[in-house]
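Report on the structure
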Amino acid sequence: MGFFRNQFANVVEWEEFRDDMIFWKWSNREIKKGSKLIIRSGQDAIFIDNGKIEGIFKDEGEFNIESDIVPFLSTLKGFKFGFNSGMRVEVLFVNTKEFTVKWGTQNPVLIPTPQLPGGMPIRANGTFNFKVHDYVTLIDKIAGIKPSYLVEDVKLRITSVLDQLLMKWISREGKDMFNLQANAADIARGIREDLDMQVMDDGLTITGFQVMSFNYPKEIQDMITKTASHEMIGNLSKYQQISLTDGIASGKVQGGGAAADMASMMMGMNLANEMLKNMNQNQSQSQNQNQNQNQAGNPSSKPAAGNHGESAAPSAAGKGPESAAPSAQSAPPAPSAAPSAPSAPPVPSTSPAPSAPEGGKRPNFCPNCGTKNEGANFCPNCGQKLA
């Protein structure tokens, strides 16, 4: 017993641990009496004898192989460490975490499209997630012949079939070929299911698959961007003005050439049209406001109903036209005994005749805008015909 006590105690642990390593095999060495097994967080230890699983240990910590491990092995329970040699078995350490891998199409995927006879070349990129699912299948298919297995090995396996799956699910779920991002979730869901069937044979499972973006050829992308710009602006003439302005500002349209002259002329015409349009709108609004105000608050704008003698009397007294208008409105009607027509001298040549050629009387105030009339045939303010 003292001899075994003095023998070297081996430590069985994952010596070459890497974050991107799926499993690593401790092999070709003897586990001697007094050896220790160390299992770290995120690791499982599988004891294998002649390709057969003897036991799976998932609790992290440090264990004595002779007392803590051997009694729980399936066919090695009664194994006694020999006098000259130890127990020769393999220990497979498996990384139990979920791995996240970035992917991208190596070459454009030609998606059948009615608008393009040869198909639309599309690139895509995203991520996928996987983890070890079945230890028995993993050992039978991979660990039995490999000392280790890396994430890169799984990525190569995935990308070898990814182009065909993208073509399949884009054609099936891509309802709008020019807006595939809208159906990215449905496309990714179908690809994940197919990929899971592919890696299930290796003891792995795909836990997630995401499509981050679809990339179109530059010519098609420029066309999509231009179409979107037209839809956002909604006015082709305004878009042309913006394009011309941007061209001059960036130096693409420079002075001295026919293109620059034409651009300047078109911009000048457009600006003049806009200014004229604004002026007409402002004038129309101003006239409408004046008319509404006069109709609502100026009842005196209607023509006076007095006789010719009452309106012409102030002029005969030598007063100007300014005094004729108020006298026609404020003076009380003449008594019935007064003569029907005054004996005043004729109206000066500067004042219009008391009656219009049509037989009507010129109003003292414009019926349209309310401006005081000085005997003119048209209103000096708004141009309304008065006679």
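**Here we look at helix α4 (residues 151-173)**
- For α4, the principal kink sits at L162 and spans about 40°.
- Among the residues of α4, those classed as buried are V151, V154, I158, T159, L162, L165, L166, W169, I170 and E173.

**Digging into unusual backbone geometry**
- Phi at N50 takes a positive value of approximately 55°, unusual for a residue other than glycine.
- Here N50 shows up in the loop between β5 (43-49) and β6 (52-57).

**Details of the pattern of salt bridges**
- A full pass over the atoms with the stated rule returns six salt bridges.
- Residue E13 is joined to R40 by a salt bridge in which the shortest nitrogen-to-oxygen separation is 2.8 Å. Of this pair, E13 sits in the loop between β1 (11-12) and β2 (21-26) while R40 sits in the loop between β4 (36-39) and β5, and the two are 27 residues apart along the sequence.
- When its relative accessible area of 39% is taken as the criterion, R40 is described as partly exposed.
- The salt bridge partner of R189 is D186, with a shortest N-O separation of 2.9 Å. Here R189 pairs with D186, and both are found in helix α5 (residues 184-199), just three residues apart, close to one helical turn.
- Residue class for R189 comes out partly exposed when judged on its relative accessible area of 44%.
- A relative accessible area of 28% places D186 in the partly exposed class.

**A word on the sheet that holds β2**
- On the basis of which strands lie adjacent, the open sheet formed by five strands has the order β6-β5-β9-β2-β13 and antiparallel pairing. The open sheet is flanked by β6 and β13 (148-150), the only strands paired with a single partner. Sheet twist, expressed as the mean angle between neighbouring strand axes with direction ignored, is 20°.
- Bridge count for β5 against strand β9 (residues 90-95) is six bridges, and the pairing is antiparallel.

**Some words on the sheet that holds β4**
- Judged by pairing direction, the sheet is mixed, and its three strands sit side by side in the order β1-β4-β7 without closing on themselves. A strand with exactly one partner marks an edge of an open sheet, and here the two such strands are β1 and β7 (61-64).
- Here two bridges tie β1 to β4, and the two strands are oriented parallel to one another. Among the inter-strand pairings, V11 is bridged to a residue of β4, identified as K36.

**Digging into the pairing of strand β10 (residues 99-104)**
- Here β10 shows a clear split, with F99, V101 and W103 buried on one side and none of T100, K102 and G104 buried on the other.
- Of the pairings in the sheet, the one linking β10 to strand β12 (residues 116-132) comprises six bridges and is antiparallel in character. Counterpart to T100 in the pairing with β12 is N129.

**Some words on the pairing of β4**
- With four bridges connecting them, β4 and β7 associate as antiparallel partners. Each residue of the ladder has a partner; that of L37, found in β7, is F63.

**Regarding the side chain of E173**
- Looking at the element boundaries, E173 is found in helix α4.
- Beyond its immediate sequence surroundings of up to four residues, E173 is in contact with N183, D186 and I187.

**A short note on the packing of aromatic side chains**
- Overall, the coordinates contain eight aromatic pairs when judged by the stated rule.
- Seen from their ring centres, W103 and F209 are 5.2 Å apart, and the 15° between their planes marks the pair as stacked. Linking W103 in strand β10 with F209 in strand β14 (residues 204-215), this pair joins segments that are 106 residues apart in sequence.
- A relative accessible area of 4% places W103 in the buried class.

Rules used in this analysis
- Residues numbered from 1 in each chain as written.
- Predicted model: local features only at pLDDT ≥ 70, side-chain atom pairs only at ≥ 80, totals over all residues.
- Heavy atoms only, no water.
- Bend = angle between axes of the 7 residues up to and from the residue.
- Helix = DSSP H or I, 4+ residues; strand = E, 2+ residues; numbered from the N terminus.
- Buried < 20%, exposed > 50% of the residue type's maximum accessible area, 1.4 Å probe, protein only.
- Salt bridge = Lys/Arg side-chain N within 4 Å of Asp/Glu carboxyl O.
- Pairing = 2+ DSSP bridges.
- Axes fitted to C-alpha atoms, helices over the stretch in contact; angles between N-to-C directions.
- Contact = heavy atoms within 4.5 Å.
- Phe/Tyr/Trp six-rings, centres within 6.5 Å; stacked < 30°, edge-to-face > 60°.

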